[in-house]
Amino acid sequence: MSTPAIESTGQPAQTVSRRALLQFSSAMCSLLALPAAAASAMAEGLAKTPRQSVVWLSFQECTGCTESLSRSYSPTLESLIFDVVSLDYHHTLQAASGDAAEQARDAAATANKGKYILVVDGAVSTKDGGLYSTIAGVANLDMLRALARDAKAIVAVGTCAAFGGIAKAKPNPTGAVGVQEIVSDKPLINVSGCPPVPEAIAGVLAHLVAFGKPPELDRLKRPVAFFPATIHQRCYRRPFYREGLFAKSFDDEGARKGYCLYYLGCKGPVTRGICATRKWNGGVSFPIQSGHGCLGCTEPNFWDRAGFYQPLEGRGSR
Ligand code: FSX
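My aim in this report is to walk through the structure given alongside it, one point at a time. Computed from a prediction, not measured in an experiment: that's the story for all the values here.

In the vicinity of the ligand, 13 residues are found, and the nearest of them are Cys62, Gly64, Cys65, Cys160 and Cys194. A distance of 2.9 Å is found between an oxygen atom of the ligand and a backbone nitrogen or oxygen belonging to Gly64. Between the ligand and Cys65 there is a distance of 3.2 Å, counted from an oxygen atom to a backbone nitrogen or oxygen. For the shell around the ligand, the secondary-structure elements that each account for two or more residues are helix 3 (64-70) and helix 7 (159-163). Of the residues belonging to the shell around the ligand, the class tally is five nonpolar, six polar and two charged.

In this section: the pattern of salt bridges. Counted by the stated rule, this structure contains seven salt bridges. It is possible to trace a salt-bridge network through shared partners that takes in Glu102, Arg105 and Asp106.

On to the packing of helix 1 (residues 18-31) against helix 2 (residues 37-48). Helix 2 packs onto helix 1 with a crossing angle of 130° between their chain directions and a minimal axis gap of 8 Å. It follows that helix 1 is oblique to helix 2 by the angle criterion. At the point where helix 1 passes helix 2, the crossing takes the right-handed sense. Between helix 1 and helix 2, the contacting residues are Arg18, Leu21, Leu22, Phe24, Ser25, Ser26, Met28 and Cys29 on the first element and Ala38, Ala39, Ser40, Met42, Ala43, Glu44, Leu46 and Ala47 on the second. When the residues that make up the contact of helix 1 with helix 2 are grouped by side-chain class, the tally is 11 nonpolar, three polar and two charged.

The linkage connecting Lys170 with the following residue, Pro171, adopts the cis geometry, with an omega of 10°. You can see Pro171 is positioned in the loop between helix 8 (165-168) and strand 8 (176-177). In the segment running from Cys194 into Pro195, the intervening peptide bond is cis, with an omega of 5°. When you line up the elements, Pro195 lands in the loop between strand 9 (188-191) and helix 9 (198-211). Phi angles above zero are rare outside glycine, and Ala136 is one such case at about 50°. Even without being a glycine, Lys221 presents a positive backbone phi close to 65°. Tracing the backbone shows Lys221 in the loop between helix 9 and helix 10 (238-243). By relative accessible area, Lys221 is classed as partly exposed at 28%.

Glancing now at the nonpolar core. Residues Met42, Leu46, Val119, Val155, Phe226 and Ile288 are the most contacted members of the largest nonpolar core, which totals 50 residues. Counting residues per element, this core draws most heavily on helix 9, at eight residues. For this core, the two domains that each supply at least three residues are domain 1 (52-226) and domain 2 (232-305). Setting aside anything within four residues of it in sequence, one finds Val119 in contact with Val54, Val55, Trp56, Leu57, Val155, Val157 and Leu205. By size, the runner-up hydrophobic cluster in this structure holds 25 residues, among which are Val120, Met143, Ala161 and Val183.

What follows is about helix 5 (residues 98-111). Relative to the 20 Å expected for 14 residues at 1.5 Å per residue, helix 5 spans 20 Å between its end C-alpha atoms, a close match to the ideal helical length. Taken residue by residue, helix 5 has Ala101, Glu102, Arg105, Ala108 and Ala109 as its buried positions. Taken around the axis of helix 5, the buried residues stretch over an arc of 125°, which confines them to a single face. More than 90 degrees from the buried face of helix 5, the exposed residues found are Asp99, Gln103, Thr110 and Ala111. Turning to helix 5, the residues buried within the fold contact strand 1 (52-58), strand 2 (85-90), strand 3 (116-121), strand 5 (134-135) and helix 6 (140-149).

Moving on, we come to the environment of Trp280. Note that Trp280 resides in the loop between helix 12 (275-278) and helix 13 (302-305). According to the relative accessible area criterion, Trp280 is buried, its value standing at 17%. On a C-alpha basis, the gap between Trp280 and Pro196 in space is 9.9 Å, while along the polypeptide they are 84 residues apart. Not counting residues within four places of it along the chain, the set of residues in contact with Trp280 comprises Ser68, Pro195, Pro196, Val197, Pro198, Cys275, Ser285, Phe286 and Pro287.

Looking along a regular strand, one sees side chains alternate from face to face of the sheet. Of the two faces of strand 9, both are covered, the one formed by Leu188 and Asn190 as well as the one formed by Ile189 and Val191. In terms of strand pairing, strand 7 (residues 151-157) meets strand 9 through four bridges, oriented parallel. By the bridge assignment for strand 9, Ile154 is matched with Leu188.

Thresholds, definitions, all that
Starting from 1, residues in each chain are numbered consecutively following that chain's sequence as written. Confidence filtering applies because this is a predicted model: local features only for residues at pLDDT of at least 70, side-chain atom pairs given and counted only at 80 or more, and all residues used for totals across whole chains, interfaces and linings. With hydrogens and water set aside, each side-chain value is computed from the structure's full complement of heavy atoms. Any residue with a heavy atom positioned within 4 Å of a molecule or strand is treated as near that molecule or strand. Whenever a nitrogen or oxygen atom comes within 3.5 Å of another N or O atom, the pair is scored as a polar contact, on the condition that within protein one atom can donate a hydrogen and the other can accept it, and that pairs from neighbouring residues in sequence are kept only if both atoms are in side chains. Each helix is a run of H or I in the DSSP string that is no shorter than four residues. Each strand is a run of E no shorter than two, and both are numbered from the N terminus. Under the grouping applied here, Gly and all other residues not named as nonpolar or charged are polar, the nonpolar ones being Ala, Val, Leu, Ile, Met, Phe, Trp, Tyr, Cys and Pro and the charged ones Asp, Glu, Lys and Arg. Each reported salt bridge corresponds to a side-chain nitrogen of Lys or Arg within 4 Å of a carboxyl oxygen of Asp or Glu. Axis lines are fitted through C-alpha atoms, for helices just across the contact stretch, and the angle between N-to-C directions can take any value from 0 to 180 degrees. Reported orientations rely on four angle classes, namely roughly parallel under 35 degrees, roughly antiparallel over 145, roughly perpendicular from 65 to 115, and oblique for the rest. Should the near helix be turned anticlockwise from the far one by less than a right angle, the crossing is left-handed, and should it be turned clockwise, the crossing is right-handed. Any two residues whose heavy atoms approach within 4.5 Å are treated as being in contact. Each residue gets one of three labels from its accessible area relative to the maximum for its type: buried under 20%, exposed over 50%, partly exposed in between, using a 1.4 Å probe on protein chains only. Think of a nonpolar core as a cluster: buried Ala, Val, Leu, Ile, Met, Phe, Trp, Tyr and Cys residues, connected wherever their side-chain atoms sit within 4.5 Å. The source of the domain bounds is an automatic or database domain assignment. The span you would expect from a helix comes to 1.5 Å times its residue count less one. Here, the arc refers to the directions that run from the helix axis to the C-beta atoms. DSSP bridges decide pairing: two strands pair if at least two such bridges lie between them.

As structure tokens, this is what we get:
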């Protein structure tokens, strides 16, 4: 998929040390599956690129995506991502509230017209003109259209923003959809997951800032580096699957021995992501490691597609 280059903004240059930038870039390039030489190029790009204005809109969501980003345990990641970008508007993280917050968003969009990155988490209500989800009296639908118009790129963070997520699940009373069903004329990156792995959010923003274009995307507009394979392909329980050793209930002998959770409804074989390798909370664990099958949350329609405890059909020799 082609990834058109995009211009940088004119914000003051960030002041992070070169050593910190190199550490950050090395970690990001490793995650992005870029060659080692790309780390210094990314650090150079970040060092000379003015801080990138980011306007972050939260619509129909649970704040899990922001919780995920704020709980990144990677050394320097959280501080660097806020030094590399200028997070000009974010409901949850900003100090401003009320009119001041709305004015901050409008001021950032005006000052960086055509140059800011628009991050969206949460699904967009479209039914009845989008009146079921509003911010300061403005429908999310209208706010998205207005802010997307002058954005240079859009990052849909979380499965709600990417594909509609839980809000879009039946009966979808608000007419919820993902961002791509509303905006189709801007570079768009879907960082799905409910919530996404925090390093995927940071990595996409770092790539946009350092290289001026999105990373390579798959057919669902997800960055290939963070959705390289199915959870099953990288799962530490996969040897049990191949041996035909399964847990059949959550408290049987197979469960105690850590056998494969396929028959307890795990959706790992049809779900792409890096949960099994990057894990969560600084590499402590991920759902399968804590004894529950993958829910398939990085995929479209995951809530409706299959019961969480219904096994997939047609187990083959994987
Ligand atoms: Fe959705 Fe994110 Fe799941 Fe929650 O913003 S992807 S419900 S983790 O918070 O949107």
